[in-house]
Amino acid sequence: MSEVVSYEVRGSIGLIHINNPPVNALSVNKGVLQGLLDAIKSGDHDPRVSAFLMIGGGKNFSGGADISEFGKPKVPGMATLADLLAYMDTVTKPIVAALSGPTMGGGFELALTCHYRLAGATTVVALPEVKLGILPGAGGTQRLPRMIGAERALDVMTTGNFISVIEAKTLGIVDEVIEGDLLDGALKWVKRALRAGLPVARVSERSVETSLDPKTFISQAREIAQKKWSGYPAPLGIVDCVEAAITKPFKEGLQIERKNIERLISTNESKSLRHLFFAERQANKVIGLAKDVEVSAIETVAVIGAGMMGAGIAMNFLNASIPVLIVDTSEATLQKGIDTIKKNYSATVEKGRLSAEERDRRVALLSGSTKLSAVSEADLVIEAVYEEMEVKKAIFLELDTISKPKAILATNTSTLDINQIAGVTKRPEQVIGLHFFSPANVMRLLEVVRADKTSPQVIATSMKVAKKIKKTPVCVGVCDGFVGNRMIHNYLREAEYLIEEGALPQEVDQAIESFGFAMGPFRMCDLAGLDIGWAIRKRKKSEGVMSDRYVTIPDHICERGWFGQKTGRGYYTYESGSRVPQDNPEIAAIIDAASREKGIKRRTIEASEIIDRLMFALINEGADILAEGIAQRASDIDVIYAFGYGFPRYRGGPMFYADTLGLSAVIDGIQRYSKQPLGDHWAVSPYLAKLAHENRTFGSI
Ligand code: 3H9
């Protein structure tokens with residue numbers, strides 16, 4: 001056969017192994033599909049073979065089609081997934097799949113084309129193509145509705161969510177769950193079944209069941225897809241394919257599926273989502289960190305500060321079964337933090353997403369203290385007190401004397417210089433930044449901030465523990481705001497300029513939300529609390545640090561005691577207990593007066609200008625960050641923005657978006673805005689200019 005597929009005849013069974021680590025991707029160019037086709041053809045013509053058993057080597061059955069091959073030329077003469085599955089549908093000997101672990105996308109479609117499916121205890125199945133902006137393109141849209149009914153299949157394909165082995169058994173996807181060694185159990189199952197007479201059972205020959213009238217079902221599904229996934233064309237394509245599965249013969253359905261996947265694969269949405277798939281995995285790799293660097297065990301964690309942030313951080317570790325000690329100097333704050341954690345878990349229990357036993361188990365792993373000395377046994381200490389350098393320095397000074405020698409001392413600062421914090425200790429190599437994003441138990445992003453002296457072991461351990469608590473870690477360097485907040489500073493500044501020049505907050509928010517952001521800048525500020533920025537501005541003013549063009553509007557709002565959602569009024573108004581923003585009737589007058597005060601003649605600003613200026617502000621700063629080596633790669637910045645700042649994933653992140661616009665177009669745009677009245681703050685990043693001059697993209701760095 002080939003290296004990636006092995007085939008042998010065991011008694012009357014043609015045994016096929018897929019061996020394409022790490023996830024058994026069904027690569028065309030590496031010959032996985034050709035190998036499978038050759039194996040099945042060989043057994044089909046072999047009188048010794050009565051049935052096939054197909055299994056994946058390693059931890060996965062298959063992670064699906066090889067995503068890295070999308071849009072790339074195909075090696076001539078190699079079979080595709082469509083070739084393989086079409087042949088399998090003609091085979092008259094039963095084909096059994098042993099699903100040895102995750103079975104995803106094309107891997108699941110391959111399994112659905114087999115006649116029977118056995119599974120091990122760790123098996124999950126999914127058709128996650130929608131998350132890549134495409135749809136199952138190897139018969140999945142036609143076979144899954146035939147197997148589990150149109151409604152359930154539509155849900156599986158439009159969400160891309162995993163189906164557990166237990167549910168797969170209930171749905172009839174899996175014929176039997178094998179206890180113990182899967183290969184051994186599966187061989188025995190096939191032998192037994194052959195003795196009892198194992199018929200060929202093609203899913204393609206079944207009909208599709210719907211509980212609703214098909215027309216009503218499809219029109220409702222289309223309406224939902226349009227509303228729920230605006231910006232994402234794939235779910236609508238899935239609805240079209242399910243409609244074909246219900247109303248058309250199998251082969252015609254396959255053709256409709258093919259047309260849809262070919263269309264979707266070339267969309268910018270899919271290219272962006274595929275970029276983020278690889279970017280997220282790439283971000284996990286720290287440049288210059290040896291693969292064999294020693295990683296310490298993190299068995300206990302201490303969190304200093306029992307505020308919202310500290311409580312949220314603690315929950316991540318409790319969720320991963322790691323005991324947490326939470327410390328706060330005030331008994332009342334400590335208790336409040338512990339109560340917040342319990343309340344959050346109980347709310348999840350009420351929603352049916354966690355069992356009461358599991359809540360109790362996690363809460364039992366939590367302890368509290370008002371003494372810093374209590375952290376002495378922790379392997380990882382995370383400081384999450386307020387942003388005051390002197391307070392943090394005092395804590396680290398004390399931590400240095402009380403923590404275990406090998407303990408990792410982390411700060412959750414979002415802006416302060418971690419080198420200075422590390423500098424007060426005698427072990428700066430043990431100090432690192434772990435910048436969680438609020439709400440810390442929900443947001444997936446974690447900036448792992450390496451200071452100048454942070455040791456490779458501490459970085460590697462932090463990256464590993466981040467994965468354990470199910471975060472998406474991105475390693476960044478030290479500067480004011482690191483990557484995410486440094487860029488957001490420019491974005492928010494530009495948003496303020498826009499309202500000073502003529503736009504209203506709701507116009508800016510609507511423009512940026514129509515671009516796909518989860519929330520516009522002013523809604524975001526109202527949510528975060530306007531008082532935080534006000535305090536920073538007052539401090540900077542008192543230190544004589546002022547920007548050239550200081551926008552007074554946020555100060556005027558704060559002077560009224562309006563701090564956003566928490567006071568029911570900010571850029572918007574909020575009814576008591578509600579998070580839904582309503583236009584603040586007084587805001588236009590405040591903004592108008594502020595513009596007049598500076599002699600600015602307000603003008604109408606189009607949505608396209610709002611989007612351009614906010615995106616260029618991000619891209620330009622991102623380029624500087626790359627030039628300074630604060631971010632390792634452009635794609636890391638994209639991951640930070642997609643996972644931490646609500647940047648629309650179907651646009652791939654700010655740097656990928658810049659590449660799709662073309663770097664010269666970005667520069668032209670910046671220069672155009674720099675020539676407008678009040679545009680003199682714009683200066684093209686020299687690194688952006690250099691890349692454009694060399695005709696390169698951020699992706700090429
Ligand atoms: C599809 O099937 C289309 C068909 O319907 C139609 C075709 C005509 N391809 O996630 P991990 C790499 S679309 C290429 O850390 P885990 C990944 O980049 C596909 N590479 O492992 C990483 O590389 P590196 C639909 C892939 O154990 C390494 O494998 N399928 C693919 O945490 C390890 O990945 C999906 O969307 C791939 N398909 O999780 C499933 N998958 O080491 C996508 C992974 O160089 N995959 N890689 O950084 C997954 O969800 C997870 O990888 C999986 C394993 C659950 C399988």
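What comes next is a walk through the structure. Counting restarts for each chain: residues are numbered from 1 in the order of the written sequence. Totals for whole chains, interfaces and linings use all residues, but because this is a predicted model, local features are given only for residues with pLDDT of at least 70 and pairs of side-chain atoms are given and counted only at 80 or more. Note that the side-chain values use all heavy atoms of the structure and ignore hydrogens as well as water.

**Examining the sheet that holds strand β6 (residues 116-119)**
Strands in a sheet are paired, the pairing made by backbone hydrogen bonds, and the direction either parallel or antiparallel.
Stage number 1. A pair of strands is labelled paired if DSSP reports no fewer than 2 bridges between them. Numbering of helices and strands starts at the N terminus; helices are DSSP runs of H or I of at least 4 residues and strands are runs of E of at least 2. Read from one edge to the other, the open sheet built from six strands follows the order β1-β2-β3-β4-β6-β9, with strand pairing classed as mixed. Bordering the open sheet on either side are β1 (5-10) and β9 (176-177), each of which pairs with just one other strand.
Stage number 2. Across six bridges, strand β2 (residues 13-18) lies against strand β3 (residues 51-56) in parallel orientation. Its bridge partner being in β3, Ile16 is matched across the sheet by Met54.
Stage number 3. Residue contacts are counted whenever heavy atoms from the two residues lie within 4.5 Å of one another. For every element, the axis is a line fit to its C-alpha atoms; helices are fit only across the contacting stretch, and the angle between N-to-C directions ranges from 0 to 180 degrees. Of the strands in this sheet, β1, β2, β3, β4 (95-99), β6 and β9 are in contact with helix α7 (residues 182-196), which crosses β3 at around 165 degrees.

**Quick word on the site of the ligand**
Stage number 1. One heavy atom within 4 Å of a molecule or strand makes the whole residue count as near it. Close to the ligand lie 23 residues, the nearest being Gly106, Glu109, Glu129, Arg281 and Lys285.
Stage number 2. One nitrogen or oxygen atom from the main chain of Gly63 is found 2.9 Å from a nitrogen atom belonging to the ligand.
Stage number 3. Polar contact is the term for a pair of N or O atoms within 3.5 Å; when the atoms are in protein, one must be able to donate a hydrogen and the other to accept it, and sequence-neighboring residues count only if both atoms are side-chain atoms. At 2.6 Å from an oxygen atom of the ligand is found a side-chain nitrogen or oxygen belonging to Glu109.
Stage number 4. What sets the accessible areas is the Shrake-Rupley method with a 1.4 Å probe; for residues, cover comes only from the shown protein chains. About the coverage of the ligand: the protein hides 73% of its 1,000 Å² of free accessible area.
Stage number 5. Contributing elements (two or more residues each) for the shell around the ligand: α3 (106-113) and α11 (268-283).
Stage number 6. Counting residues per element, the shell around the ligand draws most heavily on α11, at three residues.
Stage number 7. When residue character is reported, Ala, Val, Leu, Ile, Met, Phe, Trp, Tyr, Cys and Pro are called nonpolar, Asp, Glu, Lys and Arg charged, and the others, Gly included, polar. Residues of the shell around the ligand, tallied by class, amount to twelve nonpolar, six polar and five charged.

**Here we look at the packing of aromatic side chains**
Stage number 1. Classification of ring pairs uses Phe, Tyr and Trp, with its six-membered ring standing for Trp, and accepts pairs whose centres are within 6.5 Å; under 30 degrees between planes counts as stacked, over 60 as edge-to-face, and the remaining range as tilted. Counted by the stated rule, this structure contains 13 aromatic pairs.
Stage number 2. Seen from their ring centres, Tyr641 and Tyr645 are 4.4 Å apart, and the 15 degrees between their planes marks the pair as stacked.
Stage number 3. Relative accessibility under 20% of the residue-type maximum defines a buried residue, over 50% an exposed one, and the middle range a partly exposed one, all with a 1.4 Å probe and only protein chains included. According to the relative accessible area criterion, Tyr645 is buried, its value standing at 11%.
Stage number 4. Any Lys NZ or Arg CZ that is within 6 Å of a ring centre and within 35 degrees of that ring's normal is treated as a charge sitting over the ring. Positioned over the ring face of Trp562 is Arg569, at 5.3 Å from the centre of the ring.

**Observations concerning the nonpolar core**
Stage number 1. Tyr571, Met615 and Phe698 are the most contacted members of the largest nonpolar core, which has 98 residues in total.
Stage number 2. Element by element, the count of residues in this core is highest for helix α24 (residues 607-627), at eleven residues.
Stage number 3. Once you skip the residues sitting within four places of it in the chain, Met615 turns out to touch Tyr491, Ile512, Phe515, Phe517, Phe647 and Tyr657.
Stage number 4. The next biggest cluster of nonpolar side chains, apart from the first, holds 69 residues, and it includes Met88, Phe108, Met147 and Ile261. Nonpolar core, defined: a set of buried Ala, Val, Leu, Ile, Met, Phe, Trp, Tyr and Cys residues in which side-chain atoms within 4.5 Å join the residues together.

**Describing the pairing of β4**
Stage number 1. Of all five residues in β4, five are buried, a share of seventy percent or more.
Stage number 2. Note: β3 against β4, four bridges, orientation parallel. Its bridge partner lying in β4, Ile55 is registered against Ala98.
Stage number 3. Looking down the strands as they point away from the viewer, one classifies a crossover as right-handed if the path from the first strand across the helix to the second runs clockwise. Taken together, β3, helix α2 (residues 81-88) and β4 form a β-α-β motif whose crossover is right-handed.
Stage number 4. Relative to β6, β4 runs parallel, the two being bridged by four bridges. Note that in β6 the partner of Val96 across the bridge is Tyr116.

**Description of the packing of helix α5 (residues 150-159) against helix α9 (residues 234-247)**
To describe two helices that pack against each other, one gives the angle between their axes and the distance between the axes.
Stage number 1. In contact at an axis separation of 10 Å, α5 and α9 are set at 155 degrees when each is read in the N-to-C sense. Taken together, α5 and α9 sit at an angle that is classed as roughly antiparallel. The interaxial crossing formed by α5 with α9 has right-handed handedness. Across the interface between the two elements, Ala150, Leu154, Met157 and Thr158 of α5 pack against Pro235, Ile238, Val239, Val242 and Ile246 of α9. Geometric relationships in this document are graded by angle, where less than 35 degrees denotes roughly parallel, more than 145 denotes roughly antiparallel, 65 to 115 denotes roughly perpendicular, and other angles denote oblique. Note: crossing handedness is left-handed where the near helix turns anticlockwise from the far helix by less than a right angle, and right-handed where it turns clockwise.

**With respect to the state of the cysteines**
Stage number 1. Counting rule for disulfides: a pair of cysteine sulfur atoms within 2.5 Å. With the rule as written, the count across this model stands at zero disulfides.
Stage number 2. Between Cys525, a free cysteine, and Cys558, which holds the nearest cysteine sulfur, the sulfur-to-sulfur gap is 9.7 Å.

**What about helix α4 (residues 140-148)?**
Stage number 1. The buried fraction of α4 amounts to nine of the nine residues, a majority that puts the element mostly inside the structure.
Stage number 2. Restricting attention to buried positions, one finds in α4 the residues Gly140, Thr141, Gln142, Arg143, Leu144, Pro145, Arg146, Met147 and Ile148.

**Let's talk about the side chain of Glu383**
Stage number 1. Take Glu383: it is sitting in strand β13 (residues 380-383).
Stage number 2. Residue Glu383 is classed as buried on the basis of its relative accessible area of 0%.
Stage number 3. Here Val385 takes part through its backbone nitrogen, which lies 2.9 Å from a polar atom of the side chain of Glu383.

**What about the pattern of salt bridges?**
Side-chain pairing between opposite charges can occur once the charged atoms of the two side chains come close.
Stage number 1. Take a side-chain nitrogen of Lys or Arg and a carboxyl oxygen of Asp or Glu: if they are within 4 Å of each other, that pair is a salt bridge. Counted by the stated rule, this structure contains 41 salt bridges.
Stage number 2. Residue Arg603 pairs with Glu501 through a salt bridge whose shortest N-O separation is 3.4 Å. Placement of Arg603 in the loop between α23 (587-597) and α24 and of Glu501 in helix α18 (residues 484-501) is noted, with a sequence separation of 102 residues between them.
Stage number 3. One salt bridge connects Asp612 with Arg672, and the closest N-O pair in it is separated by 3.6 Å. Residue Asp612 is located in helix α24, and its partner Arg672 is located in helix α27 (residues 663-674); the two are separated by 60 residues in the primary sequence.
Stage number 4. Accessibility expressed as a relative area gives 46% for Arg672, which makes it partly exposed.
Stage number 5. Among the charged side chains, a network of salt bridges with common partners joins Glu494, Glu500, Glu501, Arg549, Lys598, Arg603, Glu609 and Arg613.

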